[in-house]
Amino acid sequence: MISFGERVRAAFAAHGQLCVGIDPHVHLLAEWGLDASAAGAREFGLRVVEAAAGRVGVVKPQVSFFEVYGSAGFAALEDVLAAARAAGLLVIADAKRGDIGSTMDAYGEAWLTPGSPLEADAMTANPFLGVGTLEGTFDVAERNGKGVLVLAATSNPDGFTAQRAVLPTGETVSAAIMREISEHNARSTPDGQWGSLGVVIGGTVDWEDAGLAAFSPVAPILAPGFGHQGAEPDQLRARFGALAEAVIASESRSILAAGPDRLAARISERALLYRGD
């Protein structure tokens, strides 16, 4: 079984570092001529999958835009997840789940169990009830060759209050999260391989103390905020330094706004900017 970290590494080698977000905003559904419904979200998602396949290695459905339609929305999401994985894409479920004990464990089972209706290759998780609350989810991921991408330094202004708080150890909360994820990866990752527990750092985060210097072994860093929100491919090295090679650069609106007729071409254009060749 190939680990999630190594599958990300292989996807980058084949297609570059661009990740296409699947975000069926109501206004985008309207622009695409689709209803604001579960059926519309499903059609939107499947069209993105079709356009992304063979052009990028990773897609990231935003769960909330499906969840808003209730059980029918989840059924639509299940179809999109299955289609993306069948197309050979790595799928990150942007679910941002976070809880304690058996509740969080159940979230992990839902998104990271092979054969589950919501099976993805990785999920995003919220550690602000303590990184230790995610241990059960980490265990599920490692058993199944999956990944967990843990929020560490987000770019929303309100997030900085908690994330930049300084702990008694002298670390910021963000740096402590990254250290704990690194320590877990160091225990479970074979030498020379990428870890499968990664972090989420906004592509537009400007403050320096994000814990990047101590993030070892190399593991995926999901970076939303490229494209529409202002971060650009040529800024990868400046923002992430030596870990730039591990960044999953996520773009959503900058690509999706091209519309269904231009979608594939837009993905190809943006993907080329993230390739190393």
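Every chain's residues receive numbers from 1 upward, in the order its sequence appears when written. For a predicted model such as this one, the threshold for reporting local features is a pLDDT of at least 70, and the threshold for listing and counting side-chain atom pairs is 80 or more; totals across whole chains, interfaces and linings nevertheless cover every residue. Note that water and hydrogens are dropped before the side-chain values are worked out from all heavy atoms of the structure.

**Focus on a negative patch on the surface**
Defined as follows: Grouping into patches uses exposed residues only, defined as over 30% relative accessible area, and leaves out salt-bridged ones; the cut-off is 9 Å for like charges and 5 Å for nonpolar side chains (Val, Leu, Ile, Met, Phe, Trp, Tyr). Surface exposure here means Shrake-Rupley accessible area, sampled with a 1.4 Å probe, where a residue is shielded only by the protein chains that are shown. The working definition used for a salt bridge is a side-chain nitrogen of Lys or Arg within 4 Å of a carboxyl oxygen of Asp or Glu. Just so you know, the count uses Lys and Arg for positive and Asp and Glu for negative, and it drops His and the chain ends. By convention, the charge on Lys lies at NZ, on Arg at CZ, on Asp at CG and on Glu at CD. The way it works is that DSSP assigns letters per residue, a run of H or I at least four long becomes a helix, a run of E at least two long becomes a strand, and they are numbered from the N terminus. Any residue under 20% of the maximum accessible area for its type is buried, any over 50% is exposed, and the rest in between are partly exposed; the area is computed with a 1.4 Å probe on protein chains only.
On the surface, a cluster of negative charge is made up of Asp 105, Glu 135, Asp 139, Glu 142 and Glu 180. A total of three residues in the negative patch trace back to one element, the largest contributor, which is helix H7 (residues 135-144). If you trace the backbone, Glu 180 turns up in helix H9 (residues 173-188). Residue Glu 180 is classed as partly exposed on the basis of its relative accessible area, which comes to 33%.

**Some remarks on the packing of aromatic side chains**
For the record, the criterion: Side-chain rings of Phe, Tyr and Trp, where Trp is taken by its six-membered ring, are said to pair if the distance between their centres is within 6.5 Å; with planes under 30 degrees apart they count as stacked, over 60 as edge-to-face, and otherwise as tilted.
Following the criterion strictly, the structure yields three aromatic pairs and no others. Ring centres of Phe 226 and Tyr 274 lie 6.0 Å apart, and the angle between their planes is 75 degrees; on these two criteria the pair is classed as edge-to-face. With Phe 226 in the loop between strand S7 (221-224) and helix H10 (236-240) and Tyr 274 in the segment after helix H12 (263-273), this pair connects stretches of sequence that are 48 residues apart. By relative accessible area, Phe 226 is classed as buried at 2%.

**Observations regarding helix H3 (residues 38-52)**
To be explicit about the condition: To estimate how far a helix should reach, multiply one less than its number of residues by 1.5 Å.
Here H3 is 15 residues long and its end C-alpha atoms lie 21 Å apart, about the 21 Å a rise of 1.5 Å per residue gives. Listed as buried for H3 are Ala 38, Gly 40, Ala 41, Phe 44, Gly 45, Val 48, Val 49, Ala 51 and Ala 52. At the C-terminal side of H3, Gly 54 shows a positive phi close to 85 degrees.

**Quick look at unusual backbone geometry**
Look at the link from Ser 216 to Pro 217: it is a cis peptide, with omega at 5 degrees. Secondary-structure assignment places Pro 217 in the loop between strand S6 (197-201) and S7.

**Here's the deal with the pattern of salt bridges**
Counted under the stated rule, the structure contains 17 salt bridges. Of the charged contacts, one joins Asp 121 and Arg 85 as a salt bridge, the two residues approaching to 3.6 Å between their closest N and O atoms. Placement of Asp 121 in the loop between helix H6 (101-112) and strand S4 (122-125) and of Arg 85 in helix H5 (residues 70-86) is noted, with a sequence separation of 36 residues between them. Exposure remark for Asp 121: the relative accessible area of 2% places this residue in the buried category.

**Re the pairing of strand S5 (residues 147-153)**
Here is the key point about a regular strand: its side chains alternate between the two faces of the sheet. Rules: With the strands pointing away from the viewer, any crossover whose connection runs clockwise from the first strand over the helix to the second is right-handed. Any two strands are treated as partners once DSSP identifies two or more bridges connecting them.
Burial analysis of S5 places seven of its seven residues in the buried class, which makes it a mostly covered element. Taken together, S4, H7 and S5 form a β-α-β motif whose crossover is right-handed. Sheet topology places S5 next to S6; five bridges connect them, and they run parallel. Note that in S6 the partner of Leu 149 across the bridge is Gly 198.

**Looking at the nonpolar core**
The condition is simple: Residues belong to a common nonpolar core when they are buried Ala, Val, Leu, Ile, Met, Phe, Trp, Tyr or Cys residues joined through side-chain atoms within 4.5 Å.
Counting residues in hydrophobic clusters, the biggest one holds 69 residues, and the most contacted among them are Phe 44, Trp 111, Ile 181, Ile 201, Ile 221 and Phe 240. When residues in this core are grouped by element, the largest group, six residues, is from H3. Judged by nonpolar contacts, the second largest core, of 16 residues, contains Phe 4, Leu 151, Trp 194 and Ile 248.

**Focus on the pairing of strand S8 (residues 247-251)**
Judged by how many residues are buried, S8 sits mostly within the fold: five of five residues are covered. Two strands pair when backbone bridges link them, and strand S1 (residues 18-22) and S8 are joined in this way by three bridges, in the parallel orientation. Counted as the bridge partner of Cys 19 is Ser 250 from S8.

**Examining the sheet that holds S8**
Note the following rule: In this description, a line fitted to the C-alpha atoms serves as the axis of each element, helices being fitted only across the stretch in contact, and the angle between N-to-C directions of two axes falls anywhere from 0 to 180 degrees.
Strand order in the closed barrel formed by eight strands is S1-S2-S3-S4-S5-S6-S7-S8, with parallel pairing between adjacent strands. The mean inter-strand angle of the sheet, taken between neighbouring strand axes irrespective of direction, is 30 degrees.

**Describing the layout of surface pockets**
Inclusion rule: Every definition here rests on a 1 Å grid over the protein atoms only: cavities are sets of points where a 1.4 Å probe fits but cannot get out, pockets are open sets enclosed by protein on both sides within 12 Å along at least five of seven lines, and lining residues have some atom within 4 Å of a point. Grid points are joined across faces, edges and corners, and a volume is the space filled by probe spheres set on the points. Asp, Glu, Lys and Arg are counted as charged, while Ala, Val, Leu, Ile, Met, Phe, Trp, Tyr, Cys and Pro are counted as nonpolar; the rest, among them Gly, fall into the polar class.
Considered as a void within the structure, the largest pocket measures approximately 410 Å³ in volume. As for the largest pocket, its lining consists of 23 residues, and the residues nearest its centre are Lys 60, Asp 94, Pro 224, Gly 225 and Gln 229. Of all the secondary-structure elements, those providing two or more residues to the lining of the largest pocket are strand S3 (90-97), S7, S8 and helix H11 (253-256). A class-by-class count of the residues in the lining of the largest pocket yields six nonpolar, eleven polar and six charged.

**Points about H9**
If you check H9, its first and last C-alpha atoms are 23 Å apart, about what 16 residues at 1.5 Å a residue would give, namely 22 Å. Among the residues making up H9, those that are buried are Val 173, Ser 174, Ala 175, Ala 176, Ile 177, Met 178, Ile 181, Ser 182, His 184 and Asn 185.

**Section: the side chain of Thr 154**
Let me state the cut-off plainly: Counting of polar contacts relies on pairs of N or O atoms within 3.5 Å, with two restrictions inside protein: one atom must be capable of donating a hydrogen and the other of accepting it, and residues adjacent in sequence are counted only when both atoms are side-chain atoms.
Mapping Thr 154 onto the fold places it in the loop between S5 and helix H8 (159-163). Classification of Thr 154 as buried rests on a relative accessible area of 15%. A distance of 2.8 Å separates polar atoms of two side chains, one belonging to Thr 154 and the other to Gln 163.

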